[in-house]
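Now for the letters of each chain:
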Amino acid sequence: MTWFFILFALLLVVSPVMWLKPSPRQRRISALRTAAIKAGLTVKLEKPPLHGIETTMPAYRWHYPQELPGPDFVLVRDDHASAALKPFAHGWRWRREPLRPLPEALEARLKALLERLPQDAIVVESDRHALTLWWWESQDFPRFSTYLEDFVALRDGLAGRPDDGAVSVPLGQPRA
């Protein structure tokens, strides 16, 4: 009978420790976020720019240079968008279009990237400060890293194209 009490007491001590141990999913997400931050992204949990979603969601940001702000737009996956929104690419709709049309090369690059994104990528947003991907982190970093080059190229192409037209280009450099 004493062995039973000893075993019970031991289980009472060990069980809270087991609750603190991260799950395999938590370890994968932690590794993904750490690697993304090392690759130069900002990762935050915030409320996404969607109607009806009150929970926070991971937002992965590629920041524009301060002197070259980006355009304002929001693209939403069809599953989370109203049918009244204007279609952009297969499976994506404009929630907010940029005021100035994107050059054809940038538009093609954006469409190609949208077609490659995982199904849990819900929103691609751009504002003056950053290009942001809102997604549920379904992939590990080696798979996610296949999008990094495309996002960096897209960010670099969008930089210096703010909707208000006010951009300061360093002297001696042509505007892209």
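Just so it is clear, the structure is predicted and the values come from calculations on it, not from any experiment. (Residues numbered from 1 in each chain as written. Predicted model: local features only at pLDDT ≥ 70, side-chain atom pairs only at ≥ 80, totals over all residues. Heavy atoms only, no water.)

K.L.:
Which parts of the structure should I look at to understand the sheet that holds strand E4 (residues 87–89)?
P.N.:
Hydrogen bonds along the backbone pair up the strands of a sheet, which may run parallel or antiparallel. Reading across the sheet, the seven strands line up as E1-E2-E7-E6-E3-E5-E4 and stay open at both edges, with antiparallel pairing between neighbours. Sheet topology places strand E1 (42–46) and E4 at the edges, where each strand pairs with a single neighbour. Sheet twist, expressed as the average angle between the axes of neighbouring strands with direction ignored, equals 30°. Pairing of strand E3 (residues 73–77) with strand E6 (residues 121–126), which is carried by four bridges, proceeds in the antiparallel orientation. The residue of E6 that forms the bridge with Val74 is Glu125. (Pairing = 2+ DSSP bridges. Helix = DSSP H or I, 4+ residues; strand = E, 2+ residues; numbered from the N terminus. Axes fitted to C-alpha atoms, helices over the stretch in contact; angles between N-to-C directions.)

K.L.:
Can you help me understand the nonpolar core in this one?
P.N.:
Judged by nonpolar contacts, the single largest core of 31 residues is most densely connected at Tyr60, Trp62, Leu114, Leu117, Leu131, Leu133 and Phe144. Ranked by the residues each element gives to this core, the list is headed by helix H4 (residues 141–158), at six residues. When sequence neighbours within four positions are dropped, the list of residues in contact with Phe144 reads Leu32, Leu41, Tyr60, Trp62, Leu133, Trp135 and Gln139. Counting 10 residues, the second-largest nonpolar core is a separate cluster that includes Met57, Ala59, Ile122 and Val123. (Core = buried A, V, L, I, M, F, W, Y, C linked by side-chain atoms within 4.5 Å. Buried < 20%, exposed > 50% of the residue type's maximum accessible area, 1.4 Å probe, protein only. Contact = heavy atoms within 4.5 Å.)

K.L.:
What is the right way to look at unusual backbone geometry in this model?
P.N.:
What you tend to see is this: most non-glycine residues have negative phi, and most peptide bonds are trans. Of note in the backbone geometry, Glu137 takes a positive phi value of approximately 60° without being a glycine. Tracing the chain through its elements places Glu137 in the loop between strand E7 (130–135) and H4. A relative accessible area of 2% places Glu137 in the buried class.

K.L.:
Help me out: how do you make sense of the pattern of salt bridges in this one?
P.N.:
For side chains of opposite charge, pairing can occur when their charged atoms come near one another. For the structure on display, the rule yields seven salt bridges. Taking the shortest distance from any N to any O, the salt bridge between Glu97 and Lys86 comes out at 3.4 Å. Here the residue Glu97 occupies a position in the loop between strand E5 (92–96) and helix H3 (104–116), and Lys86 occupies one in the loop between E3 and E4, the gap between them amounting to 11 residues. Given the relative accessible area of 35%, Glu97 is considered partly exposed. Residue classification places Lys86 among the partly exposed residues on the basis of a relative accessible area of 47%. (Salt bridge = Lys/Arg side-chain N within 4 Å of Asp/Glu carboxyl O.)

K.L.:
Just checking my understanding: could you explain the pairing of E6 for this structure?
P.N.:
Along any regular strand, the residues point their side chains to alternate faces of the sheet. Counting buried positions along E6 yields six of six residues, so the element is predominantly enclosed. Of the pairings in the sheet, the one linking E6 to E7 comprises five bridges and is antiparallel in character. By the bridge assignment for E7, Val123 is matched with Trp134. In this structure, the hairpin formed by E6 and E7 is closed by a connection of three residues.

K.L.:
Can you help me understand the environment of Ala89 in this one?
P.N.:
With respect to the secondary-structure elements, Ala89 resides in strand E4. What makes Ala89 buried here is its relative accessible area of 11%. Ala89 sits 65 residues away from Leu154 along the chain, and the two C-alpha atoms are 16 Å apart.

K.L.:
How do you make sense of the packing of aromatic side chains when you look at a structure like this?
P.N.:
Two aromatic rings are characterised by how far apart their centres lie and by the angle between their planes. Tallied over the full model, the rule gives nine aromatic pairs. Ring geometry for Tyr60 against Trp135: centres 5.6 Å apart, planes inclined by 70°, an arrangement best described as edge-to-face. On the criterion of sequence distance, the pair formed by Tyr60 in strand E2 (residues 57–63) and Trp135 in strand E7 is long-range, its members being 75 residues apart. For Trp135, a relative accessible area of 0% gives the class buried. Three or more aromatic residues joined by ring pairs make a cluster, and in this case those are Tyr60, Trp62, Trp135, Phe141, Phe144, Tyr147 and Phe151. One residue, Lys111, lies across the ring of Phe88, its end atom 5.2 Å from the ring centre. (Phe/Tyr/Trp six-rings, centres within 6.5 Å; stacked < 30°, edge-to-face > 60°. Lys NZ or Arg CZ within 6 Å of the ring centre and 35° of its normal.)

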